[in-house]
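# Structural overview
What follows is each chain in one-letter form.
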Amino acid sequence: MISTARPDLLGRCRAAGAIALAVPILALAACGDDEGSGSDGESQTLTVYSGREEEYVGPLFESLEEETGIEAEVRYGDSAELAATIAEEGENSPADVFFSQDAGSLGAVEAEGLLAALPDEVLDQVDPRYRSSAGEWVGTSGRARVVGYNVDAVTEGELPDSILEFADPEWEGRIGWAPTNGSFQAAVTAMRLTEGEDVTREWLEGIVANGPEQFSDNEAIRDSIAAGEIDVGFLNHYYVAEARAEDPDYPVDVHFTSGDAGSLVNVAGIGVLASSDNQETAAEFADHILSEESQSYFAETVKEYPLLEGVEVDPMVVPLSEFEQPDVDLSQLSDLEGTLKLLEEAGAL
Amino acid sequence: MLVAVAAALPLAYLVLIVAGSADTALETIWRERTAVLVARSIALTVAVTATAIAIAVPLAWFTVRTDLPGRRLWTVLAALPLVIPSYIGAYAFLSATGPQGLLQDLVQPLGIGSLPSITGFFGAWLTLTLFTYPLLLLPVRASLRRLDPELEEAALAMGRSQAGVFRTIVVPQLVPAIGAGSLLVALYVLSDFGAVSIMRFDSFTTSIYTLYKASFDRIGAASLAALLVALMLVLLWLEARTRRREALYRSAPGSARTMRQVNLGRWRWPALGFCGAVATLALLIPVAVLVYWSLQSFAGSVDWPAVAAATGNSLLASGLAATAAALCAVPIAVLAVRFRGPFAMAVERLSYTGHALPGIVVALALVFFGTRVVIGLYQSLAMLVFAFVVLFLPLALGIARASMLQVSPRVEEAARSMGRSQWSVLRTVTAPLIAPGVLAGAALVFLTAIKELPATLILAPIGFETLATEIWGATSVGFFERGAVPALVLLAVSAVPLYLLTARE
C-alpha cells in the first residue's frame, strides 16, 4: 500500500502539510465546514458520493428524506474520478455510500478493500447476476446494449443472432458506432471475457473494414439511424425507448443478439464504505433505492431496467426475460485497459 | 516557506506513489505508447505556442503602439477569450461546425454540403490556441508599454526603417515576456483535458484520465504525471534561457517618457482585419453558440436562484484564491529577484508543478494529504482555496516577478541611504511600484480559478455549487441549453476583472 511505502517521507510531508494548510486556516477559519457527525450511535445524515447525475437521482434523495428522515449530503462527480478519490481517501473517507454509474467503478473500489459487505436482506432483493459476488455492492438499475436499426431499411429477420456477424462484408457502410463511449467499451471488455482476445480483435478489425460511421455518443447514433444515414448502430436500449415514447412512429427499433456481448446488461449500483460509521443507515439508503417506488422511477423516467423482482419495465422496453444475456461477472468489467489497446490496434480509436 | 510546502505537495504525492511501486511505474513509462503520447503532446504544445506567439505579438503591438482605430475596444476584446474555458470553447466549435450546427446552417445556402470535421489535432490546436493566446498577450502588452522609447528613437534617427526597428530593437526586448507567456501557454496545453478530450485528440492528459477512468490505475496515472513534470522542467529551462539579461530597468539617468505612436497609414485595414478575424474566431463564434443555446433554454426554464447561488460561490472561492495567491506571490518574487536566494528560486520554479499537472492529479494529491494530515479541513472551502493556490500560483508569481525586475534597486538604495529601514523601504517604495503587477496576477488567478472543474468537484464542500459545476451538471446529461446560461454568466463575471486589467491604462 502507498501509505506504508515510505513512512519517514510521509511523516515529514505530514508535518509540512500541516504547516502549509495553516495559512488558509487562519484566513478562513470562519468558513470551515461543519464536520459534526454524531459521536454516539448512527447519524441520520449520510454522505453520498454519486457518479449518477443529479438530474436523474436528485428526486430519489428527496423522497429518501421524506420517507425515512435520512438526509443525504451528495457530492456529484464522475464515477471513475470518485472511485479514485475514495481510493486516495482510504480509511479517512468522509463518504458513507458510493452510488456509481457503472459496475466497473464499484469493482475498483471493492478491489481496494474499501467496501463493506451489504446485509443479505439488501442483496437478496436483486438477481445475483447484478451484484458483487463478494456481496459488497448491489446493482440498482440496468441498461442493455442493443443493435438499433432503421425499420424502413432493415427487417428484424435480416439481423444476425450473433454480434460477431456484423463484421461480415454485407454490413459494409451500414453501421454506426461510438468507439470512445464508455458503454461501448464495457461491451468490448465483455466480449474479451466471453470470446477471448483474438476473436475480439478480429471482430473489431472486421467492423473497421466495414467503414463504420463514427459518433461521439449513443444519441447521435440513434439520430443518424432515424435519419436513414446508417442502417444499424450499437447503442444503449433507453435512447431508443425514449424516442419511441415521444413519437410512436419513430423509425428505429432495437434488436438483441443472443447470449453475447451485443446484449450485455451493465448496472448502476451502490456500495457502502467499510470506513463508514453509519452502516445501518447506509443499508437503509440502499433499501430505499431498491424500493418499489424508486425502481418504478428508474423504469418510467429514465427507461432503465428495474432490478427489483416484480417491478415492470417501461412498455417501450423489451423485458430482461425476453433475451439472452452474456455470462460475465460485472465486477470484471473494470479491466478496460486491454480493451483500449485492442481498439487502438484495430484502428478504431 | 509555507508557500514552498504548498507548491511541493503535488510533487511529493507523485514521488510517494511512484516510489511505492517503482516497477509498475517504470513499466508504464517505458511503454512504446508512452513515447507516442509524449511526441503527440509535444507536437501540440509546440504548434499551439508558436501560433499563440504569432497572434499575440502583433495584437499587442497594434493595441499598444499604433493608432489602430478603436484601440481601447480591441484591447479588451483581444484579451477576453481568456475567460472562455477551453472545454466550453471546444464544445461550441464542435457543435457550430457539426451537421446541424450554427455555422453549417449559415453556409448551407452557399451550397456547402458539410463543413470539414475539426476534431483531432486540428481542433485541439485551433481551440487551445484561440483560448490561450491571451496568456501571452497580457505579458507582452505590459512589456511593450514599459519599453524605453529612446532606443527606438535612436535607431530611427540613424535611418532604420520602422519594420527594421521592430525586428532589431523591439522584439529582442520582448523576449523575456514572450518566454514567460509561452511558458504559461505551453503548461496550459500540456495539462489541458477539456479541449483535447472533446476534440478527441489522444494526448498525455487524456491518457492520464483514461488510466483513472478505464483501468482505475492510479500508479500508472501518477507515473505519466511524473513524466509530465519532467517535460515541465525542460520548458522551465527553455524559458530561463530567455531571461538571461535580467535587469529591465533603465540604466541611464532620467525617467522613461511616454511612447510615440506609430502611424499605421494604409496598413490600418489589414491590421483591423487581423484583429477582427481573431475576435470573430475566439470570441464571436463561441459566444454566439452560447447565446443561441441559452435562447432555446428560455423556452424551458432557467433555475435563476441556483445560478445566482453558484455565481456567489464562484466569486467567493475564486476571489479568495486570487487574494491568497497574490499574498503568497509577493514575498517569493521579492526574494527571488532581489536576493536571488537559491531557496526562493527553487520555490518559484517548483510552484509551476501544480500548473503543469492535470487538475485531477493535483486534486488527488490534495485528497491524499488532506485525509491524512488535516482531516478537519478536508473538503472545506479553505481546502478548495488552497487547491486553487497550488494550481494557479505561477500565474500570479510570473507577473509579480516581472514587475519586480523592473524596479531599479537604486531607488531602494536611495531610500535606504536616507535612513529608512529595509522593511519600511519594502512597504513604501517597492510595494507601490509592484502593486499593478501583483493585481494583474491576482486577476489572472481569479479568471483561471473561476473556470476550474476537476479539483472543484472533488474538494469543494458538499453542495457548494459553482458556475463551473453547474455547467458540468447540465452538459453531462446532455442539456447543453441549460448549461449555456451559467456559461454566459461565467463569461460576464470574468469579463469585469479582465476589463479593469486591460482598460486601466
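Residues numbered from 1 in each chain as written. Chains lettered and ligands numbered in written order. Predicted model: local features only at pLDDT ≥ 70, side-chain atom pairs only at ≥ 80, totals over all residues. Heavy atoms only, no water.

### Focus on the overall build of chain B
Heads up, the rule is: Counting from the N terminus, the helices are DSSP H or I runs at least four residues long and the strands are E runs at least two residues long. The rule is simple: take the accessible area with a 1.4 Å probe, protein chains only, and divide by the maximum for that residue type; under 20% is buried, over 50% is exposed, in between is partly exposed. The contact criterion used is simple: two residues touch if any of their non-hydrogen atoms lie within 4.5 Å.
Along its length, chain B carries 23 helices and 0 strands. Expressed as a percentage of the 505 residues in chain B, the buried residues total 58%. When contacts within chain B are restricted to residue pairs at least 6 apart in sequence, long-range pairs at least 24 apart make up 84% of them.

### Structural notes on the side chain of B:Ser182
Residues and elements named next belong to chain B. Inspection of the secondary structure puts Ser182 in helix H9 (residues 162–191). Using a relative accessible area of 12% as the deciding quantity, one classes Ser182 as buried. Sequence-distant contacts of Ser182, that is, excluding residues within four places in its chain, are made with Thr49, Ile53 and Leu136.

### Describing the pairing of strand E9 (residues 265–272) of chain A
Residues and elements named next belong to chain A. Let me state the cut-off plainly: A pair of strands is considered paired only if DSSP assigns at least 2 bridges between the two.
Most of E9 sits out of view: 8 of its 8 residues are buried. Because side chains alternate across E9, one face comprises the buried residues Val265, Val267, Gly269 and Gly271, and the other comprises Asn266, Ala268, Ile270 and Val272, equally buried. Two strands pair when backbone bridges link them, and strand E3 (residues 97–100) and E9 are joined in this way by 4 bridges, in the antiparallel orientation. Bridge assignment links Phe99 to a residue of E9, and that residue is Ile270. Pairing of strand E4 (residues 137–150) with E9 involves 7 bridges; the strand directions are antiparallel.

### Some remarks on the nonpolar core
Put simply, the rule is: Think of a nonpolar core as a cluster: buried Ala, Val, Leu, Ile, Met, Phe, Trp, Tyr and Cys residues, connected wherever their side-chain atoms sit within 4.5 Å. Throughout, the edges of the domains are those of an automatic or database domain assignment.
Judged by nonpolar contacts, the single largest core of 277 residues is most densely connected at A:Phe166, A:Phe234, B:Tyr133 and B:Leu459. Element by element, the count of residues in this core is highest for helix H18 (residues 381–406) of chain B, at 19 residues. Split by domain, the residues of this core number at least three in each of domain 1 (9–142 + 267–319) and domain 2 (143–264 + 323–345) of chain A. Discounting chain neighbours no more than four positions away, the residues touching B:Leu459 are A:Arg75, B:Ala363, B:Leu366, B:Val367, B:Tyr378, B:Gln379, B:Ser380, B:Met383, B:Leu384 and B:Ala387.

### Considering the domain arrangement of chain A
All names here are of chain A. Inclusion rule: Put simply, buried area is how much 1.4 Å-probe accessible surface two parts lose in total, over both of them, once they are put together. Whenever Lys or Arg places a side-chain nitrogen within 4 Å of a carboxyl oxygen from Asp or Glu, that contact is recorded as a salt bridge. Whenever a nitrogen or oxygen atom comes within 3.5 Å of another N or O atom, the pair is scored as a polar contact, on the condition that within protein one atom can donate a hydrogen and the other can accept it, and that pairs from neighbouring residues in sequence are kept only if both atoms are in side chains.
Looking at the assigned domains, one finds that chain A contains domain 1 (9–142 + 267–319) and domain 2 (143–264 + 323–345). When each unit is reduced to the centre of its C-alpha atoms, the spacing between domain 1 and domain 2 is 30 Å. The interface is formed by 22 residues belonging to domain 1 together with 17 residues belonging to domain 2. If you sort the residues of domain 1 by the area they bury against domain 2, Arg129, Lys303 and Met316 come out on top, with a joint share of 31%. Inspection of the region where domain 1 meets domain 2 yields 0 salt bridges. Taken together, domain 1 and domain 2 are joined by 7 residue pairs in polar contact (both at pLDDT 80 or more).

### What about a negative patch on the surface?
Residue and element names in this part refer to chain A. Test applied: In this analysis, a patch consists of residues with relative accessible area above 30% that form no salt bridge, clustered at 9 Å for like charges and at 5 Å for the nonpolar side chains Val, Leu, Ile, Met, Phe, Trp and Tyr. Using the Shrake-Rupley algorithm and a 1.4 Å probe, accessible areas are obtained, with residue cover drawn only from the displayed protein chains. Here the positive residues are Lys and Arg and the negative ones are Asp and Glu; neither His nor the chain ends is included. In plain terms, the charge of a residue is placed at NZ if it is Lys, CZ if Arg, CG if Asp and CD if Glu.
Taken together, the side chains of Glu42, Asp120, Glu121, Asp124, Asp277, Glu280, Glu284 and Asp287 make up a negatively charged region of the molecular surface. Looking at the negative patch, the elements that each hand over two or more residues are helix H5 (120–123) and helix H10 (279–289). In terms of residue count, H10 provides more of the negative patch than any other element does, 3 residues in total. By secondary structure assignment, the location of Glu121 is in helix H5. Looking at Glu121, the relative accessible area reads 59%, which means it is exposed.

### What to know about the packing of aromatic side chains
Residue and element names in this part refer to chain A. As a reminder of what qualifies: Here a pair means two rings of Phe, Tyr or Trp (six-membered ring of Trp) with centres within 6.5 Å. Their orientation is stacked below 30 degrees between planes, edge-to-face above 60, and tilted elsewhere.
Scanning all chains against the criterion turns up 18 aromatic pairs over all chains. For the pair Phe99 and Phe285, a centre-to-centre distance of 6.2 Å together with 80 degrees between the ring planes defines the contact as edge-to-face. Placement of the pair is Phe99 in strand E3 and Phe285 in helix H10, with a sequence separation of 186 residues. Considered together, Phe99 and Phe285 belong to a single accessibility category, that of buried residues. The rings of Phe166, Trp171, Trp203 and Phe234 are connected pair by pair, giving a single aromatic cluster.

### So, the pairing of strand E2 (residues 71–76) of chain A
Looking along a regular strand, one sees side chains alternate from face to face of the sheet. Residue and element names in this part refer to chain A. Filter applied, for reference: Seen with its strands pointing away from the viewer, a crossover is right-handed if its path from the first strand over the helix to the second goes clockwise.
Pairing of strand E1 (residues 45–50) with E2 involves 6 bridges; the strand directions are parallel. Among the inter-strand pairings, Tyr49 is bridged to a residue of E2, identified as Arg75. Read from E1 through helix H2 (residues 54–68) to E2, the crossover connection turns out right-handed.

### Observations concerning the packing of helix H14 (residues 304–339) of chain B against H18(B)
All names here are of chain B. Going by this rule: Axis lines are fitted through C-alpha atoms, for helices just across the contact stretch, and the angle between N-to-C directions can take any value from 0 to 180 degrees. Orientation is classified from the angle alone, with under 35 degrees giving roughly parallel, over 145 giving roughly antiparallel, 65 to 115 giving roughly perpendicular, and any other angle giving oblique. A crossing counts as left-handed when the near helix is turned anticlockwise from the far one by less than a right angle, and as right-handed when that turn is clockwise. Three classes are used: nonpolar for Ala, Val, Leu, Ile, Met, Phe, Trp, Tyr, Cys and Pro, charged for Asp, Glu, Lys and Arg, and polar for all others, with Gly counted as polar.
For the pair H14 and H18, interaxial distance at closest approach is 6 Å and the crossing angle is 45 degrees. For the element pair H14 / H18, the angle class is oblique. Every pair of crossing elements has a handedness; the one defined by H14 and H18 is right-handed. Each residue belonging to the contact of H14 with H18 can be placed in one class, and the counts come to 23 nonpolar, no polar and 2 charged.

### Some words on helix H11 (residues 292–302) of chain A
Since the α-helix packs 3.6 residues into each turn, any two residues three or four apart lie on the same face. All names here are of chain A. Residues of H11 that are buried include every one of Ser294, Gln295, Tyr297, Phe298, Ala299 and Val302, and no others. Tucked into the core, H11 has its buried residues touching H2, E3, E4, helix H9 (237–246), H10 and strand E10 (305–306). After H11 finishes, the residue Lys303 shows a positive phi value of roughly 60 degrees.

### Comments concerning the side chain of B:Thr205
All names here are of chain B. Within the secondary structure, Thr205 is located in helix H11 (residues 204–215). Looking at Thr205, its side chain comes within polar contact range of the main-chain oxygen of Leu190, at 3.0 Å. Excluding residues within four positions of it along the chain, Thr205 makes contact with Leu190, Ser191, Asp192, Phe193 and Pro358.

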